[in-house]
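The residues making up each chain are set out below.
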Amino acid sequence: MAAYEPKKNSEIRIFESSDEMATDLAEYISQVSEISVKERGYFAIALSGGPLVSFLRKLCEAPYNKTLDWSKWYIFWSDERAVAKNHADSNYKSMKEGFLSKVPILSSHVYSINDNATVEDAATDYEFVIRQLVKVRTIGVSESTDCPKFDLILLGMGSDGHVASLFPKHQALELKDDWVTYITDSPQPPPERITFTLPVINSASNIAILATGVDKATAVHLAVSDCRDGPDTPAPLPARMVQPTNGKLVWFLDNAAASSLDMSDGAYQQHREY
Ligand SMILES: O=C1O[C@H](COP(=O)(O)O)[C@@H](O)[C@H](O)[C@H]1O
């Protein structure tokens, strides 16, 4: 693995193989969960859809399946598609089948998003549940933003640079006061989705963005490179707007997704020996 620290509080890890990435991700999540349980007594983690689930496979194996304090884990989703929980597009379904059914997380600690309501009501319900859990500090609270402070938010990134269900140029990117919102016009199917807003994502203690494949290379480059603003500067990608207020961001990339990064840039070069 190569590691670089391009910006304050952020790091890029680049892996030769899918197994190497899954192994490092398991160790990273294990360390964040242990610190959170030690400091707060809980580990509040938000999951996402897409290929992320397959990179959680090593976390389901020894030693983690035996050593982690799974009874302290609380599970949330950074976004969900408005489909039934048994639908192929459901982010809950993919995580249930690929991760949650393989580790001893308490079912009462799994806060999936209501699939039996309108998308608007599901978003309202979900924000209400999160507010109750913040009140009792199962989820922490950010002192600077008053937002929930998830211990870890795991995100994927689409080739258009979207994270959770926050898509480029969408008005949902502007929301400042809502914690959870809904959209009915997703550029990618299904159209109706529920999503964390940027203030919630950026208030987390730790954020990891996973991106693999050459189709993500341009978006990775635009999200992490030191672009200057100018008349032709495109609207910032949602992934570029992921900037933790007080937390730390780690990118997990394979070689293909990292292939458009300019490795001659001083910031990358500096940490090349890592
Ligand atoms: O639609 C979604 O897409 C992103 C990225 O997934 P990918 O399949 O384009 O790599 C995912 O992180 C998000 O949770 C999901 O709802």
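## Concerning the overall build of the protein
Here is step 1 of the chain: Scanning the protein from terminus to terminus reveals seven helices and 12 strands.
Here is step 2 of the chain: The globule rule puts the C-alpha radius of gyration for 274 residues at 19 Å, and the 18 Å found for the protein is close to it.
Here is step 3 of the chain: Dimensions along the principal axes, computed over C-alpha positions, put the protein at roughly 50 × 45 × 40 Å.
Here is step 4 of the chain: The buried share among the 274 residues of the protein stands at 51%.
Here is step 5 of the chain: Long-range pairs, those at least 24 residues apart, make up 73% of the contacts in the protein between residues at least 6 apart in sequence.
Here is step 6 of the chain: Of note, the protein has its 26 positive side-chain charges centred 4 Å away from the centre of its 37 negative side-chain charges.

## Examining the site of the ligand
Here is step 1 of the chain: The ligand sits among 14 residues. The nearest are Gly49, Asp79, His162, Arg193 and Lys216.
Here is step 2 of the chain: Take His162: an N or O atom from its side chain is 2.8 Å from an oxygen atom of the ligand.
Here is step 3 of the chain: Coverage of the ligand by the protein amounts to 87% of the 390 Å² it exposes when considered alone.
Here is step 4 of the chain: The residue inventory of the shell around the ligand, partitioned by class, reads three nonpolar, seven polar and four charged.

## A few points about the nonpolar core
Here is step 1 of the chain: Ile29, Trp73, Phe99 and Trp251 are the most contacted members of the largest nonpolar core, which totals 87 residues.
Here is step 2 of the chain: A per-element tally of this core places helix H1 (residues 18–40) first, with eight residues.
Here is step 3 of the chain: In this structure Phe99 touches Leu47, Val53, Leu56, Leu59, Cys60, Trp70, Trp73, Ser94 and Ile105, once residues within four positions along its chain are discounted.

## Some words on the pairing of strand S2 (residues 10–15)
Here is step 1 of the chain: Taken across its six residues, S2 has six buried, putting it largely inside the fold.
Here is step 2 of the chain: A two-sided burial pattern is seen for S2, the buried positions comprising Ser10, Ile12 and Ile14 on one face and Glu11, Arg13 and Phe15 on the other.
Here is step 3 of the chain: Pairing geometry for S2 and strand S12 (residues 248–254), over six bridges, is parallel. Within the sheet, the bridge partner assigned to Ile12 lies in S12 and is Trp251.

## Notes on the sheet that holds strand S10 (residues 193–196)
Here is step 1 of the chain: Strand order in the open sheet formed by three strands is S5-S10-S9, with antiparallel pairing between adjacent strands. Looking along the sheet, the strands with just one partner apiece sit at the ends: strand S5 (79–81) and strand S9 (180–183). For this sheet, the mean angle separating the axes of adjacent strands, direction not counted, is 15°.
Here is step 2 of the chain: In the sheet, S5 pairs with S10 via three bridges, with the strands oriented antiparallel. Looking at S10, one finds that Glu80 is bridged to Ile194.

## Considerations on the confidence of the model for the protein
Here is step 1 of the chain: Here the protein shows a mean pLDDT of 93. Residues at 70 or above account for 91%.
Here is step 2 of the chain: Per-element averaging of pLDDT across the protein places helix H7 (residues 266–269) at the bottom with 44 and strand S8 (residues 152–156) at the top with 99.
Here is step 3 of the chain: Note on residues 266–274: pLDDT under 50 across the span, and 22 contacts to partners over four residues away in sequence or across chains.
Here is step 4 of the chain: The ipTM, which scores confidence in the relative placement of chains, is 0.98 for this predicted complex, and the corresponding pTM is 0.94.

## Some thoughts on helix H6 (residues 217–224)
An α-helical segment advances 3.6 residues per turn. Residues three or four places apart therefore align on the same side.
Here is step 1 of the chain: Taken as a whole, H6 has its buried residues at Ala217, Ala219, Val220, Ala223 and Val224. One face of H6 carries all of its buried residues, which in axial projection span an arc of 165°.

## Digging into helix H4 (residues 119–135)
Here is step 1 of the chain: When the terminal C-alpha atoms of H4 are compared, their 25 Å separation across 17 residues agrees well with the 24 Å that a helix rising 1.5 Å per residue should span.
Here is step 2 of the chain: Listed in full, the buried residues belonging to H4 are Val119, Ala122, Ala123, Tyr126, Glu127, Ile130, Leu133 and Val134. One side of H4 carries all its buried residues, which in axial view fall inside an arc of 130°. What points out from H4, more than 90 degrees from its buried face, is the exposed set Phe128 and Lys135.
Here is step 3 of the chain: In this structure, the buried side of H4 is in contact with strand S4 (73–77), strand S6 (140–141), strand S7 (148–149), S9 and S10.
Here is step 4 of the chain: Immediately downstream of H4, the backbone of Arg137 shows phi near 65°, a positive value.

## Quick look at the packing of aromatic side chains
Here is step 1 of the chain: For the structure on display, the rule yields 12 aromatic pairs.
Here is step 2 of the chain: Judged by centre distance (6.4 Å) and plane angle (55°), the ring pair of Trp73 and Phe99 falls under tilted. Residue Trp73 is found in strand S4, and its partner Phe99 is found in the loop between helix H3 (91–98) and H4; the two are separated by 26 residues along the sequence.
Here is step 3 of the chain: Residue Trp73 is classed as buried on the basis of its relative accessible area of 1%.
Here is step 4 of the chain: With centroids separated by 5.2 Å and ring planes inclined at 5°, the aromatic side chains of Phe76 and Tyr111 adopt a geometry described as stacked.

## Section: the pattern of salt bridges
Side-chain pairs of opposite charge can arise whenever the charged atoms involved come near each other.
Here is step 1 of the chain: Across all of its chains, the model carries 10 salt bridges by this definition.
Here is step 2 of the chain: Between Asp24 and Arg13 there is a salt bridge, and its shortest N-O distance comes to 2.7 Å. Note that Asp24 is positioned in helix H1 and Arg13 in strand S2, a separation of 11 residues in sequence.
Here is step 3 of the chain: With a relative accessible area of 13%, Arg13 lands in the buried category.
Here is step 4 of the chain: Between Asp69 and Lys72 there is a salt bridge whose closest N-O contact spans 3.2 Å.
Here is step 5 of the chain: The structure contains a network of salt bridges with shared partners spanning Glu11, Arg13, Asp24 and Lys248.

Definitions and cut-offs
- Residues numbered from 1 in each chain as written.
- Predicted model: local features only at pLDDT ≥ 70, side-chain atom pairs only at ≥ 80, totals over all residues.
- Heavy atoms only, no water.
- Helix = DSSP H or I, 4+ residues; strand = E, 2+ residues; numbered from the N terminus.
- Rg over C-alpha atoms; globule rule 2.2 N^0.38 Å.
- Buried < 20%, exposed > 50% of the residue type's maximum accessible area, 1.4 Å probe, protein only.
- Contact = heavy atoms within 4.5 Å.
- Lys, Arg positive; Asp, Glu negative; His and termini not counted.
- Charge placed at Lys NZ, Arg CZ, Asp CG, Glu CD.
- Near = heavy atom within 4 Å.
- Polar contact = N/O pair within 3.5 Å; in protein donor to acceptor, adjacent residues only side chain to side chain.
- Areas by Shrake-Rupley, 256 points an atom, 1.4 Å probe, with all protein chains shown as cover.
- Nonpolar A, V, L, I, M, F, W, Y, C, P; charged D, E, K, R; others polar.
- Core = buried A, V, L, I, M, F, W, Y, C linked by side-chain atoms within 4.5 Å.
- Pairing = 2+ DSSP bridges.
- Axes fitted to C-alpha atoms, helices over the stretch in contact; angles between N-to-C directions.
- pLDDT = per-residue confidence, 0-100.
- Arc of directions from axis to C-beta.
- Expected span 1.5 Å × (residues − 1).
- Phe/Tyr/Trp six-rings, centres within 6.5 Å; stacked < 30°, edge-to-face > 60°.
- Salt bridge = Lys/Arg side-chain N within 4 Å of Asp/Glu carboxyl O.

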